[in-house]
Amino acid sequence: MNIQRHMTRRRLLATAGAGLAGLTAPRLAFAQTKQAIKFTLPWVAEGSTLYTYVAKGMGFWDKHGLDVDIARGSGSTASAQAIGDGRFDFGLSTPSIAILQAIKGLPIVSLACAAYDATMGVCVLNDGPIKTPKDLEGRTVASVLLSADYPFFAPFATKTGIATSKVTRIQVDNKVRNRLLPDGKVDAITGFASSVMPVYASTGVKAHFMLYSDYGLVNYGTTVMTQPQRVSAEPQLCAAFIDGLMEALKFTMLDPEEALNVFLKQVPELALAPHARDEARVGVGIMIYTVARDIVRQHGLGYIEPKDYDTMADMVMQHLANPGEPRPDVTQLMTNQFVGGIKLSPAEWETAQKNAAEFRAYLS
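Summarised in this report is the structure supplied together with it. None of these values were measured; they are calculated from a predicted model.

## Here we look at the overall build of the protein chain
Step number 1: On a plain count of helices and strands, the protein chain comes out with 15 helices and 10 strands.
Step number 2: Here the C-alpha radius of gyration of the protein chain, 20 Å, is about what a compact globule of 364 residues would show, namely 21 Å.
Step number 3: Projected onto its principal axes, the C-alpha coordinates of the protein chain cover approximately 65 × 50 × 35 Å.
Step number 4: Taking all 364 residues of the protein chain together, the buried fraction comes to 56%.
Step number 5: For the protein chain, long-range pairs separated by at least 24 residues make up 80% of all intrachain contacts whose partners lie at least 6 apart in sequence.

Here it is, written out as structure tokens:
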């Protein structure tokens, strides 16, 4: 079974449920009775994934007859396992983590990309002594051992010529790490810019990330995932779910301020928290930066570049998989059959680029 097969929209509608099928621009309507869908985030409700609340709050899923319940996650590993086990119909996870779980036998497949950069990297103060990766030599770097970014410092060091023997790495708790850099206790921290920079920016900490992706380490942020069996048995459902989500993603990219308003109405407890709106605003801005890429302009929102998935699989095999574990067939782990219909016009592309511009300074 190869999930890279392509079929026309007419053929899909004629053979729905008969197997895996390709689709462009799915806009399918269900009966008046809405179908309940269970969906999980990879982490808590935050700016980087607020477009999911836009899909729910603005009726992008509703018009397809989908009543989607959004659950908050506890990390990409947990979300990938919950999706593959069928505890959720769909969910978001980091592809590299999902690939690792697939190596271990978890049935899971990516249907659409929602962020083309995981924003893993090294964070330093703007006015600090570290200006290039080599400047990390002789410095102290704090990391969270169980964070998904932890294994990728080594290939980053290899790519940039850092002598890791000259870098002092300390392992700290996630709640402690973010305080150490502005307090001057360490020279740098590792992590995800999408999580760290909203906190720093909203509290006045002047910092930025050296992204691993800028040094040749391809690592997508999140993709929408489900079980392969669902793709075969319910292609119309998959098409409707992805279509609604990609429409919401597009709306968020073009009007992040209104998307933020929709998000906070659905998660009212955040509206009461100090700096919550500012954090979410920075988070969604970074998200737009990770989505507004040439691949989207060429192929439409959600498109997954197969060569990138191959590269990520190679990286997982080298740095995360156990010796002797088999390399997965990536054609069984991703498909583009439900994406390509939601696109940005030239004017909309320029708007998305402008909405991302402010946040590039945090990521370079």
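## Examining the packing of helix H4 (residues 95-103) against helix H14 (residues 306-319)
Step number 1: With their axes 9 Å apart at the nearest point, H4 and H14 run at an angle of 65° to one another. Here H4 runs over H14; the crossing is right-handed. Contacts from Pro95, Ser96, Ile99, Leu100 and Ile103 of H4 reach H14 at Tyr309, Met312, Ala313, Val316 and Met317.
Step number 2: Looking at the contact of H4 with H14, its residues break down into 9 nonpolar, 1 polar and no charged.

## Here we look at helix H12 (residues 276-291)
Step number 1: The first and last C-alpha atoms of H12 sit 22 Å apart over 16 residues, in line with the 22 Å expected at 1.5 Å per residue.
Step number 2: Burial within H12 is extensive, with 12 of its 16 residues counted as buried.
Step number 3: All of the buried residues in H12 are Ala276, Ala280, Val282, Gly283, Val284, Gly285, Ile286, Met287, Ile288, Tyr289, Thr290 and Val291.

## Some thoughts on the packing of aromatic side chains
Step number 1: One pass over the structure, following the stated rule, counts 11 aromatic pairs.
Step number 2: Taken together, a centroid distance of 5.5 Å and an interplanar angle of 75° make the contact between Phe156 and Tyr215 edge-to-face. One end of the pair, Phe156, is in helix H5 (residues 153-160); the other, Tyr215, is in the loop between strand S9 (207-211) and strand S10 (222-226), and 59 residues separate them in sequence.
Step number 3: The exposure class of Tyr215 is partly exposed, given its relative accessible area of 32%.
Step number 4: An aromatic cluster is built from Phe39, Trp61, Phe90 and Phe241, whose rings are joined through pairwise contacts.
Step number 5: A cation over a ring is seen here: Arg169 above Tyr150, with NZ or CZ 4.5 Å from the ring centre.
Step number 6: Positioned over the ring face of Tyr289 is Arg293, at 4.8 Å from the centre of the ring.

## Looking at the sheet that holds strand S3 (residues 90-93)
Step number 1: One open sheet holds the 5 strands; their spatial order is S2-S1-S3-S10-S4, and the pairing between them is mixed. At either margin of the open sheet sits one strand with a lone partner, and together these are strand S2 (66-71) and strand S4 (109-115). On average, each strand axis in the sheet is tilted by 25° relative to the strand beside it, whichever way the strands run.
Step number 2: One ladder, built from 3 bridges, connects S3 with S10; its direction is antiparallel. By the bridge assignment for S10, Leu92 is matched with Val224.
Step number 3: Across the sheet, helix H3 (residues 76-84) lies against strand S1 (35-40), S3 and S10, angled at about 155° from S3, the strand it touches most.

## Some points on the pattern of salt bridges
Side-chain pairing between opposite charges can occur once the charged atoms of the two side chains come close.
Step number 1: Throughout the structure, instances matching the rule amount to 15 salt bridges.
Step number 2: In this structure, Glu325 and Lys104 form a salt bridge, with 3.1 Å as the shortest nitrogen-oxygen distance. Residue Glu325 is located in the loop between H14 and helix H15 (346-357), and its partner Lys104 is located in the loop between H4 and S4; the two are separated by 221 residues in the primary sequence.
Step number 3: Judged by relative accessible area, which is 45%, Lys104 ranks as partly exposed.
Step number 4: The partner of Arg277 in a salt bridge is Glu257, with the nearest N and O atoms 2.7 Å apart. You can see Arg277 sitting in helix H12 and its partner Glu257 sitting in helix H10 (residues 256-266), a full 20 residues away along the chain.
Step number 5: By relative accessible area, Glu257 is classed as partly exposed at 40%.
Step number 6: A network of salt bridges, in which partner residues are shared, links Asp89, Arg230 and Glu234.

## Brief notes about the sheet that holds strand S7 (residues 168-171)
Step number 1: Across the sheet, which stays open at both edges, the 5 strands sit in the order S7-S6-S8-S5-S9 with mixed pairing between neighbours. The sheet terminates laterally at S7 and S9, the two strands that pair on one side only. Averaged over all neighbouring strand pairs, the angle between strand axes comes to 30°, with direction disregarded.
Step number 2: Strand direction decides the pairing type here: strand S5 (residues 120-125) and S9, joined by 5 bridges, are antiparallel. Residue pairing across strands places Leu125 opposite Ala207, the latter belonging to S9.

## Some details on the nonpolar core
For soluble globular proteins, nonpolar side chains are generally found buried alongside one another.
Step number 1: Among the nonpolar cores identified, the biggest contains 118 residues, and Leu136 and Phe241 are the most heavily contacted of them.
Step number 2: A total of 11 residues in this core trace back to one element, the largest contributor, which is helix H9 (residues 235-254).

## With respect to the pairing of S7
Step number 1: Sheet topology note: the strand S6 (residues 140-143)/S7 ladder contains 4 bridges and is parallel. When the sheet's bridge partners are listed, Ser143 is paired in S7 with Gln171.
Step number 2: Note on the crossover from S6 through H5 to S7: the handedness is right-handed.

Conventions we followed
Residues numbered from 1 in each chain as written. Predicted model: local features only at pLDDT ≥ 70, side-chain atom pairs only at ≥ 80, totals over all residues. Heavy atoms only, no water. Helix = DSSP H or I, 4+ residues; strand = E, 2+ residues; numbered from the N terminus. Rg over C-alpha atoms; globule rule 2.2 N^0.38 Å. Buried < 20%, exposed > 50% of the residue type's maximum accessible area, 1.4 Å probe, protein only. Contact = heavy atoms within 4.5 Å. Axes fitted to C-alpha atoms, helices over the stretch in contact; angles between N-to-C directions. Left-handed = near helix turned anticlockwise from the far one by under 90°. Nonpolar A, V, L, I, M, F, W, Y, C, P; charged D, E, K, R; others polar. Expected span 1.5 Å × (residues − 1). Phe/Tyr/Trp six-rings, centres within 6.5 Å; stacked < 30°, edge-to-face > 60°. Lys NZ or Arg CZ within 6 Å of the ring centre and 35° of its normal. Pairing = 2+ DSSP bridges. Salt bridge = Lys/Arg side-chain N within 4 Å of Asp/Glu carboxyl O. Core = buried A, V, L, I, M, F, W, Y, C linked by side-chain atoms within 4.5 Å. Right-handed = clockwise from strand over helix to strand, strands pointing away.

These figures come from the coordinates and say nothing about function on their own.
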